[in-house]
2 protein chains.
Amino acid sequence: MKISEVSEKYNIPVDTLRYYEKAGLLPNVQKNESGIRDYSESDCNWVEFIKCMRSAGLPVKVLKRYIDLFHMGDSTLNERKQILIDERKKLIEKRDAIQSTIERLDYKINSYEHTIAICEKELLKRK
Amino acid sequence: MKISEVSEKYNIPVDTLRYYEKAGLLPNVQKNESGIRDYSESDCNWVEFIKCMRSAGLPVKVLKRYIDLFHMGDSTLNERKQILIDERKKLIEKRDAIQSTIERLDYKINSYEHTIAICEKELLKRK
DNA sequence: ATACAACTTGAAGCCGGCTTCAGGTCAAGC
DNA sequence: GCTTGACCTGAAGCCGGCTTCAAGTTGTAT
């Protein structure tokens, strides 16, 4: 699979794909004699994984560490699992912070509805 | 209230408080004759609001716009409400993306537990 | 009165995560 | 065979959000 195809499939700019590769997130992408990338199915699965993790805000560095460990084999299983546990915890905190901000916004939006209603009444009175 | 007290109360570095002020998020902080800031209760409420919104990732620019509109009075009620509605929508999307990543991590962590159990069994056998 | 911590400013620096640029190679269609 | 577009590279640039720096002033405790 060519880079443009991967880009289109996962809706990630080609530049970003190259950037991820340079950052060490895609260490196995093969290139043909003339240097053109050919993404395997496994590469694509990693791309999809990276996309998902990045969309939740996991840092590139953390993903690199995880992927490096992955390629070191079974002796790193525990460390890999621990990374996922740590990141999961951070995501829960983040989700909860966002949730409480959503609730605060709900309340404020509601207040605006009331305030706006009152203002409009005032305007009608003056007519 | 002095800047160091506000800093301590809300657990925000003094440099960040000055940065927010410069960015236009705290347009009303008064200074005494010798130029030292004195945060009013209202300023503090804004600080707390900004902290909450920033913790959920609302951009400084958006907060600035909202705060500018606030100081323009009732004629901006609708626009302010719309900003909150738009940001609320983005937060819901963000929260949901995080939630599905959490679920994916849950699944993977579980898989690791199984894999690790199997590996340990193998190790025992060999002993 | 002197030291020392806390305050001030504008400007520069840093970090993460892309994004763009310059300059070159390659491949497919006309 | 020539153009055109997709690919390649390393390096530089950009943006948001702080953070640090340099250099100076103020306020408080001994």
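Scroll up to find the structure.
It should be emphasised that the depicted structure is a prediction, and the values quoted were computed from it without experimental measurement.

A. Summary view of the overall build of chain A. Check the secondary structure of chain A and you find five helices and two strands. For chain A, the sequential pattern of α-helices and β-strands runs α-α-β-β-α-α-α. The globule rule puts the C-alpha radius of gyration for 127 residues at 14 Å, and the 23 Å found for chain A is more than 25% above it. Projected onto the principal axes, the alpha-carbon positions of chain A cover approximately 80 × 35 × 20 Å. When burial is assessed residue by residue, chain A has 35% of its 127 residues classed as buried. Across chain A, the fraction of contacts at a sequence separation of at least 24, relative to all contacts at a separation of at least 6, is 45%. Here chain A contributes 24 positively and 21 negatively charged side chains, and the mean placements of these two sets differ by 6 Å.

B. Geometry of the pattern of salt bridges. Within this structure, the stated rule accounts for 20 salt bridges over all chains. Taking the shortest distance from any N to any O, the salt bridge between Asp15 of chain A and Arg18 of chain A comes out at 3.4 Å. Residue Asp15 of chain A and its partner Arg18 of chain A are located together in helix α2 (residues 14–22), separated by three residues, close to a single helical turn. Arg18 of chain A gets classed as partly exposed once you look at its relative accessible area, which sits at 36%. Residue Arg65 of chain B is joined to Glu79 of chain B by a salt bridge in which the shortest nitrogen-to-oxygen separation is 2.5 Å. On the criterion of sequence distance, the pair formed by Arg65 of chain B in helix α4 (residues 60–70) and Glu79 of chain B in helix α5 (residues 77–126) is long-range, its members being 14 residues apart.

C. Representation of the side chain of Arg37 of chain A in the model. Residue and element names in this part refer to chain A. You can see Arg37 is positioned in strand β2 (residues 37–38). By relative accessible area, which is 19% here, Arg37 ends up buried. In terms of polar contacts, Arg37 uses its side chain to reach the side chain of Glu21, at 2.6 Å. Apart from residues no more than four positions distant in its own chain, Arg37 is found in contact with Met1, Lys2, Ile3, Arg18, Glu21, Val29, Gln30 and Lys31.

D. Summary view of the protein's contact with DNA strand D. Lining the immediate surroundings of DNA strand D are 19 residues, of which Ser4, Lys31 and Arg37 of chain A together with Ser34 and Arg54 of chain B lie closest. Expressed as a percentage, the sugar and phosphate content of the atoms of DNA strand D within 4 Å of the protein is 82%. The side chain of Lys31 of chain A places a nitrogen or oxygen atom 2.4 Å from a phosphate oxygen of DNA strand D. Contact between DNA strand D and Ser34 of chain B: a phosphate oxygen at 2.8 Å from a side-chain N or O atom of the residue. Of all the secondary structure elements, the ones that give two or more residues to the surface near DNA strand D are α1 (3–10) and α2 of chain A together with α2 (14–22) and α4 of chain B.

E. A look at helix α3 (residues 41–55) of chain B. In this model, α3 of chain B (15 residues) spans 21 Å end to end at C-alpha, consistent with the 21 Å of a helix rising 1.5 Å per residue. Within α3 of chain B, the full set of buried residues consists of Asp43, Cys44, Trp46, Val47, Phe49, Ile50, Cys52 and Met53 of chain B. Of the surrounding elements, those touching the buried residues of α3 of chain B are α5 (77–126) of chain A together with α1 (3–10), α2, β2 (37–38) and α4 of chain B. In the segment just after α3 of chain B, Gly57 of chain B is the residue with positive phi, at about 95°.

F. Representation of the protein's contact with DNA strand C within the structure. Contacts to DNA strand C come from 18 residues, most closely from Asp15 and Arg54 of chain A together with Ser4, Lys31 and Arg37 of chain B. The separation between a phosphate oxygen of DNA strand C and a polar side-chain atom of Tyr20 of chain A is 3.0 Å. Looking at the surface near DNA strand C, the elements that each hand over two or more residues are α2 and α4 (60–70) of chain A together with α1 and α2 of chain B. Broken down by element, the surface near DNA strand C gets its largest block of residues, four residues, from α2 of chain A. Broken down by class, the residue content of the surface near DNA strand C amounts to seven nonpolar, four polar and seven charged.

G. Region of interest: the relation of the copies chain A and chain B. Taken as rigid bodies, chain A and chain B are interconverted by a rotation of 180° and an axial shift of 0.0 Å, the fit giving an RMSD of 0.0 Å. As the rotation angle and translation indicate, the two copies are arranged about a two-fold axis. Ranked by how close their C-alpha atoms come to the rotation axis, the residues of chain A are headed by Arg95 of chain A, at 2.7 Å. Interface overlap between copies is the fraction of interface residues in one copy that are interface residues in the other; for chain A against chain B it reaches 100%, indicating a shared surface.

H. Expanded view of the packing of helix α3 (residues 41–55) of chain A against α4 of chain A. All names here are of chain A. For the pair α3 and α4, interaxial distance at closest approach is 11 Å and the crossing angle is 145°. The element α3 and its partner α4 pack so that their crossing is right-handed. Contacts from Trp46, Phe49, Ile50, Met53 and Arg54 in α3 reach Val60, Leu63, Tyr66, Ile67 and Phe70 in α4. Residues belonging to the contact of α3 with α4 are distributed by class as follows: nine nonpolar, no polar and one charged.

Conventions we followed
- Residue indices begin from 1 for each chain and proceed along its sequence in written order.
- Here chains are named by letter from A upward and ligands by number from 1 upward, in the order in which they appear as written.
- Where totals are concerned, whole chains, interfaces and linings use all residues; where local detail is concerned, this predicted model gives features only for residues with pLDDT of at least 70, and gives and counts side-chain atom pairs only at 80 or more.
- Calculated side-chain values reflect all of the structure's heavy atoms, with hydrogen atoms and water omitted.
- The numbering of helices and of strands both runs from the N terminus, where a helix is a DSSP run of H or I of at least 4 residues and a strand a run of E of at least 2.
- Only C-alpha atoms enter the radius of gyration, while the globule expectation follows 2.2 Å times N to the 0.38, with N the number of residues.
- Each residue gets one of three labels from its accessible area relative to the maximum for its type: buried under 20%, exposed over 50%, partly exposed in between, using a 1.4 Å probe on protein chains only.
- Only heavy atoms matter for contacts: two residues are in contact if any of them lie within 4.5 Å across the pair.
- As used throughout, the charge tally considers Lys and Arg to be positive and Asp and Glu to be negative, leaving His and the chain termini uncounted.
- Charge placement uses NZ in Lys and CZ in Arg. For Asp and Glu, CG and CD serve respectively.
- Every case where a carboxyl oxygen of Asp or Glu lies within 4 Å of a side-chain nitrogen of Lys or Arg is listed as a salt bridge.
- Polar contacts, as counted here, are pairs of nitrogen or oxygen atoms within 3.5 Å of one another; within protein the pair requires one atom able to donate a hydrogen and one able to accept it, and residues that are adjacent in sequence qualify only if both atoms are side-chain atoms.
- We call a residue near a molecule or strand as soon as one heavy atom of that residue lies within 4 Å of the molecule or strand.
- To estimate how far a helix should extend, the number of its residues minus one is multiplied by 1.5 Å.
- Each residue is assigned to one of three groups, with Ala, Val, Leu, Ile, Met, Phe, Trp, Tyr, Cys and Pro labelled nonpolar, Asp, Glu, Lys and Arg labelled charged, and all others, Gly among them, labelled polar.
- All copies are superposed by least squares; the fitting set is the C-alpha atoms of residues with a pLDDT of at least 70 in both.
- Comment: axis = line fitted to C-alpha atoms, over the contacting stretch for helices; angle = value between 0 and 180 degrees taken between N-to-C directions.
- It is the rotation of the near helix from the far one that decides the hand of a crossing: anticlockwise by less than a right angle makes it left-handed, clockwise makes it right-handed.

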